[in-house]
Number of protein chains: 2
Amino acid sequence: MNSSLLRQTLHAANLRATAARMAVLELVRNASTPLSHGEIAELLRDGPWNRTTLYRNLIDLEKAGLVRRTQLGEPVWRFESTAKEHGVRSHPHFLCSACGKMVCLPEMTLRLEGARGCRKAIGQGNIEVQVRGLCDACMGKRGI
Amino acid sequence: MNSSLLRQTLHAANLRATAARMAVLELVRNASTPLSHGEIAELLRDGPWNRTTLYRNLIDLEKAGLVRRTQLGEPVWRFESTAKEHGVRSHPHFLCSACGKMVCLPEMTLRLEGARGCRKAIGQGNIEVQVRGLCDACMGKRGI
DNA sequence: CAATTATTGCAATACAGTTGCAAATAACAC
DNA sequence: GTGTTATTTGCAACTGTATTGCAATAATTG
Ligand SMILES: [Mn+2]
Ligand SMILES: [Mn+2]
Ligand SMILES: [Zn+2]
Ligand SMILES: [Zn+2]
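Residues numbered from 1 in each chain as written. Chains lettered and ligands numbered in written order. Predicted model: local features only at pLDDT ≥ 70, side-chain atom pairs only at ≥ 80, totals over all residues. Heavy atoms only, no water.

K.L.:
Break down the packing of aromatic side chains for me, with residues and values.
P.N.:
On inspection of all chains with the given rule, the structure shows zero aromatic pairs over all chains. Positioned above the aromatic ring of A:Trp77 is the side chain of B:Arg69, whose terminal nitrogen or guanidinium carbon lies 4.0 Å from the ring centre. (Phe/Tyr/Trp six-rings, centres within 6.5 Å; stacked < 30°, edge-to-face > 60°. Lys NZ or Arg CZ within 6 Å of the ring centre and 35° of its normal.)

Spelled out as structure tokens, the structure:
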């Protein structure tokens, strides 16, 4: 990607076009998958930039709407009894992004087709699925 | 749940029936949703147990097959450009549990029905979905 | 180029998870 | 019940990711 185009894009977003920022934006734009901060720091490890700088640039780019930032799942492990009916086999879960409550979804709620790169796993159903959004209660509290 | 039944269940699993272990097992068995270590520590905060003990008991129960332990998603945030075609709107992602690679899934691959507790969000499609399993490459490496 | 304001490096903090080790205790044989 | 032994516990330490304060530095603008 052209360096002056990157510069122009950043300026249009009211961000200064520093070398680190341009490197980060170029990387994310050229990537074919969502990248983590750690992956980006690793890819740019030969550059002169501190990893906190790269991190803050990602946040800045997000605020400016140039990148989307998502954390699917949570940094915590969850435990459920295998003795319950629903505990016997793995099933999809819904996690509320506001209150953190998790609910188990019946298996039938989901229909999924295989796609490039993960056809086998999805075909066999050997997967775990998580859906994230606002639960009905939190929707209610926000008057939605 | 009956205390002597808990004791019996633990002994059958070759685990000593300590008070902490019984409390943890009872809690997980009675829970209607998967609980995190933090939630369990909070629920048992009036008990005399250290949170590391509760943590280790959860791990023990998992090894014994009495609870299932899952971490849906990852503890990291991911960034993708909003300038890409696929970046314009949110879409499902597949995360390989072996190599950590993430791939974007086309929206059409997924059909989901609302369920108790999260009918609205799923109805509106205002959700993020993550599927986790072995990617085709990692399946291949394991000869599957 | 100088003045202004945003960005950077570095150190520190927060949190969930994980482990080592010595002290406490459950299980079991008397 | 008592003693013996292996398991479990408490506490402190450490990892990895995310996040922030602050003084030093660099990008912009006129
Ligand atoms: Mn469940
Ligand atoms: Mn994507
Ligand atoms: Zn909620
Ligand atoms: Zn893989």
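K.L.:
Let's hear about helix H4 (residues 51-63) of chain B: which residues, and what values?
P.N.:
With 13 residues, H4(B) should reach 18 Å at 1.5 Å per residue; the first-to-last C-alpha distance of 19 Å fits that figure. Where H4(B) is concerned, the buried positions are B:Leu54, B:Asn57, B:Leu58, B:Ile59 and B:Leu61. Buried residues belonging to H4(B) abut strand S3 (78-81) of chain A together with helix H1 (3-12), helix H2 (19-30), helix H3 (37-43) and strand S2 (67-70) of chain B. N-cap assignment for H4(B): the residue whose side-chain oxygen lies 2.7 Å from the backbone N of B:Thr52 is B:Asn50. (Helix = DSSP H or I, 4+ residues; strand = E, 2+ residues; numbered from the N terminus. Expected span 1.5 Å × (residues − 1). Buried < 20%, exposed > 50% of the residue type's maximum accessible area, 1.4 Å probe, protein only. Contact = heavy atoms within 4.5 Å. Polar contact = N/O pair within 3.5 Å; in protein donor to acceptor, adjacent residues only side chain to side chain.)

K.L.:
With reference to specific residues and values, describe the domain arrangement of chain A.
P.N.:
All names here are of chain A. Taken domain by domain, chain A consists of domain 1 (1-84) and domain 2 (86-144). Contact residues are listed per partner, giving nine residues for domain 1 and eleven residues for domain 2. Taking both sides of the interface into account, the surface hidden between domain 1 and domain 2 amounts to around 740 Å²; carbon and sulfur atoms contribute 48%. If you sort the residues of domain 1 by the area they bury against domain 2, Arg-78, Glu-80 and Lys-84 come out on top, with a joint share of 57%. Across the contact surface, domain 1 and domain 2 share two residue pairs in polar contact (both at pLDDT 80 or more). (Domains from an automatic or database assignment. Buried area = accessible area lost by both parts, 1.4 Å probe.)

K.L.:
Describe the packing of H2(B) against H4(B), with residues and values.
P.N.:
All names here are of chain B. Between H2 and H4, the shortest axis-to-axis distance is 9 Å and the interhelical angle comes to 65 degrees. In terms of orientation, H2 lies roughly perpendicular with respect to H4. As for the relative orientation of H2 and H4, their crossing is right-handed in sense. Seen from H2, the contacting residues are Ala-20, Arg-21, Val-24, Leu-25 and Val-28; seen from H4, they are Thr-53, Leu-54, Asn-57, Leu-58, Asp-60 and Leu-61. (Axes fitted to C-alpha atoms, helices over the stretch in contact; angles between N-to-C directions. Parallel < 35°, antiparallel > 145°, perpendicular 65-115°, else oblique. Left-handed = near helix turned anticlockwise from the far one by under 90°.)

K.L.:
Tell me about the coordination of the zinc ion (ligand 3), residues and numbers included.
P.N.:
Residues and elements named next belong to chain A. Only Cys-96 (SG), Cys-99 (SG), Cys-135 (SG) and Cys-138 (SG) from the protein coordinate the zinc ion (ligand 3), and they sit 2.1 to 2.4 Å from it. What the four donor atoms of the zinc ion (ligand 3) show is an angle range of 103 to 118 degrees at the metal, which sorts the shape as tetrahedral. Written as a sequence motif, the donor residues of the zinc ion (ligand 3) are C-x2-C-x35-C-x2-C. Taken as a pair, Cys-96 in strand S4 (residues 93-96) and Cys-135 in the loop between strand S7 (128-133) and helix H6 (136-141) lie far apart in primary sequence, 39 residues in all. Judged by relative accessible area, which is 2%, Cys-96 ranks as buried. (Donors = N, O, S within 2.8 Å, 3.2 Å for Na, K, Ca; no water. Tetrahedral: all angles 85-135°; square planar, octahedral: opposite > 155°, others 65-115°.)

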